Amino acid sequence: MESNNQFSHGGDILAFSKKIGLKPKEIIDLSSNINFLKPNIKTDLNNLDISNYPTYEKLYKIIAKKYSVKADEIELFNGGSSAIFSFFKNIGLKHCTIYSPAYLEYKKAAQTFGFKIDLINRFDDIKKEVKKNSLVIFVNPSTPDGRYYDLDKLFNSWTKKNCTIFIDESFLDFTNNTSVINKLKTYDKLYILKSMTKIYSSASIRVGTIISNSNNIKKLKEKEPLWKLSHFDSIYLQNAIKDKNFISKTIRITQKNRTYTIKHLERFDFIKKIYKSQANYLLLELQNCDAQTLQKKLIPYKIMIRDCSNFDFLNKTFVRVAIKDKTAMQKFIKALKKEFR
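Rules used in this analysis
Residues numbered from 1 in each chain as written. Predicted model: local features only at pLDDT ≥ 70, side-chain atom pairs only at ≥ 80, totals over all residues. Heavy atoms only, no water. Buried < 20%, exposed > 50% of the residue type's maximum accessible area, 1.4 Å probe, protein only. Helix = DSSP H or I, 4+ residues; strand = E, 2+ residues; numbered from the N terminus. Arc of directions from axis to C-beta. Contact = heavy atoms within 4.5 Å. Pairing = 2+ DSSP bridges. Axes fitted to C-alpha atoms, helices over the stretch in contact; angles between N-to-C directions. Parallel < 35°, antiparallel > 145°, perpendicular 65-115°, else oblique. Nonpolar A, V, L, I, M, F, W, Y, C, P; charged D, E, K, R; others polar. Core = buried A, V, L, I, M, F, W, Y, C linked by side-chain atoms within 4.5 Å. Polar contact = N/O pair within 3.5 Å; in protein donor to acceptor, adjacent residues only side chain to side chain.

### Some details on helix α7 (residues 214-222)
Turning to step 1, where the next piece is worked out: Of all the positions in α7, only Asn216, Ile217 and Leu220 are classed as buried. One face of α7 carries all of its buried residues, which in axial projection span an arc of 95 degrees. Opposite the packed face of α7, turned more than 90 degrees from it, sit the exposed residues Lys218 and Glu222.
Turning to step 2, where the next piece is worked out: In this fold, the buried residues of α7 make contact with β2 (74-77), α3 (80-90), β7 (190-195) and β8 (208-211).

Okay, structure coming up:
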């Protein structure tokens, strides 16, 4: 019997606030890895005309320009999870390899659509051979540890096995690292996911993008409904992308706050390991303490963190801490000093 929390995520601020009798705005949510910075939205969303069916030409154009691809090389979905499920449903394969730990929706989608699943432990066994003609899933930067991988060697090994390759770059915008988009020209079984709601701090705006060659995208589109996104989703994201300095500002401030947090976390004996991250979150391995104990200790301080025990290859000693504004990180460190000094 599968447990209810097998595929649970961070960020259930409503349940947490209700449980401890506080309003959601009083909670410091370090369990959710949504950007704490907001883009500058110039359009007044209250004045939108919503009487007509939405059209997406402008949104396609602006996203294509952002990622230096053509509009017919992208398909939009109602969020990253919808993109994943739709992809698994329609790709016509029955075997997948997930480099894990990874975003849990991949495993859920694979199980839902009857895939045989191989898990490769990224930490210990990354060079393990993959099955020929199978689907390969790799999240880069990875979740829940935020590591960015140079995929060239792995990519070559996958192409030699004629694999269909799905790279999730949902957190790449938090870094200055290179996308695998340039590999679309040389390999036609490559798909790239961009979940823009993470970077643009808009989890309620459901827009996920799959990028591939125009032929692959055409096949995906044929199985998709005509209207998937609301006009609000479209207009919000168009405006967010137009805020030209937003990404560089996010990278700069997140990097600064992450460095500050790491510097202070390194002083605690109960933290066995801080995983090197280039994203807006940190994976911590604890000793003489487990995730649930730490979560309970942080309740009086109104702080939520993510228990990572339901990720493959991790156990109850792993937690993920999102990097938020400087004040939130200071309060987190202060709470730890009170509890562990």
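On we go.
### With respect to helix α4 (residues 105-112)
Turning to step 1, where the next piece is worked out: Looking at α4, one finds that the buried residues are Glu105, Tyr106, Lys107, Ala109 and Ala110.
Turning to step 2, where the next piece is worked out: Two residues or fewer after α4 comes Gly114, characterised by a positive phi angle close to 70 degrees.

### Overview of the sheet that holds strand β12 (residues 306-307)
Turning to step 1, where the next piece is worked out: Reading across the sheet, the four strands line up as β9-β10-β13-β12 and stay open at both edges, with antiparallel pairing between neighbours. The open sheet is flanked by β9 (271-274) and β12, the only strands paired with a single partner.
Turning to step 2, where the next piece is worked out: Relative to strand β13 (residues 318-322), strand β10 (residues 281-286) is paired through five bridges, and the arrangement is antiparallel. The residue bridging Leu282 from the neighbouring strand is Val321, located in β13.
Turning to step 3, where the next piece is worked out: Helix-sheet contacts for helix α9 (residues 246-265) involve β9 and β10, and the interaxial angle to β10 is about 10 degrees.

### Section: the sheet that holds strand β6 (residues 164-168)
Sheet strands pair via backbone hydrogen bonds, and the direction of the pair is either parallel or antiparallel.
Turning to step 1, where the next piece is worked out: Reading across from one edge, β2-β8-β7-β6-β5-β3-β4 is the order of the seven strands in this open sheet, with mixed pairing throughout. Each of the sheet's edge strands pairs with one partner strand only, and the pair in question is β2 and β4 (116-121). Between one strand and the next, the sheet's axes are offset by a mean angle of 20 degrees, whatever the strand orientation.
Turning to step 2, where the next piece is worked out: Sheet analysis places strand β5 (residues 135-139) next to β6, joined by five bridges and oriented parallel. Each residue of the ladder has a partner; that of Val139, found in β6, is Asp168.
Turning to step 3, where the next piece is worked out: Its contacts with the sheet place α3 against β2, β3 (95-100), β5, β6, β7 and β8, and it is angled at close to 155 degrees to β7.
Turning to step 4, where the next piece is worked out: The strands touched by helix α5 (residues 152-160) within the sheet are β3, β5, β6 and β7, with β6 carrying the most contacts at an inclination of about 150 degrees.

### Structural notes on the packing of α9 against helix α11 (residues 326-340)
Turning to step 1, where the next piece is worked out: As a packed pair, α9 and α11 sit with axes 10 Å apart at the nearest point and diverge in direction by 5 degrees. Of the possible angle classes, the one that applies to α9 and α11 is roughly parallel. Note on element contacts: α11 touches α9 through Lys326, Met329, Gln330, Phe332, Ile333, Leu336 and Lys337, opposite Asn257, Tyr260, Thr261, His264 and Leu265.
Turning to step 2, where the next piece is worked out: Residue composition of the contact of α9 with α11, by class: six nonpolar, four polar and two charged.

### Observations concerning the nonpolar core
Soluble globular proteins tend to pack their nonpolar side chains together in the buried interior.
Turning to step 1, where the next piece is worked out: Among the nonpolar cores identified, the biggest contains 47 residues, and Ile63, Trp158, Leu190 and Tyr200 are the most heavily contacted of them.
Turning to step 2, where the next piece is worked out: Take this core: its biggest share by element is five residues, from helix α2 (residues 57-66).
Turning to step 3, where the next piece is worked out: In contact with Trp158, not counting residues within four places along its chain, are Tyr99, Val130, Val136, Phe138, Leu151, Cys163, Ile165, Ile167 and Tyr187.
Turning to step 4, where the next piece is worked out: Core analysis: the next-biggest nonpolar cluster, separate from the first, contains 25 residues, Phe270, Ile303, Ile333 and Ala335 among them.

### Re the side chain of Asn33
Turning to step 1, where the next piece is worked out: Note that Asn33 resides in the loop between β1 (28-29) and α2.
Turning to step 2, where the next piece is worked out: Filtering out sequence-adjacent residues up to four positions away, Asn33 remains in contact with Phe171, Lys198, Asn280, Tyr281, Arg320 and Ala322.

### Things to note about the environment of Asn310
Turning to step 1, where the next piece is worked out: On the secondary structure map, Asn310 appears in the loop between β12 and β13.
Turning to step 2, where the next piece is worked out: In the structure, Asn310 is positioned 206 residues away from Leu104 in sequence and 8.6 Å away in space, judged by C-alpha atoms.
Turning to step 3, where the next piece is worked out: A polar atom in the side chain of Asn310 sits 3.1 Å from the side chain of Arg306.

Structural measurements only, silent on function.
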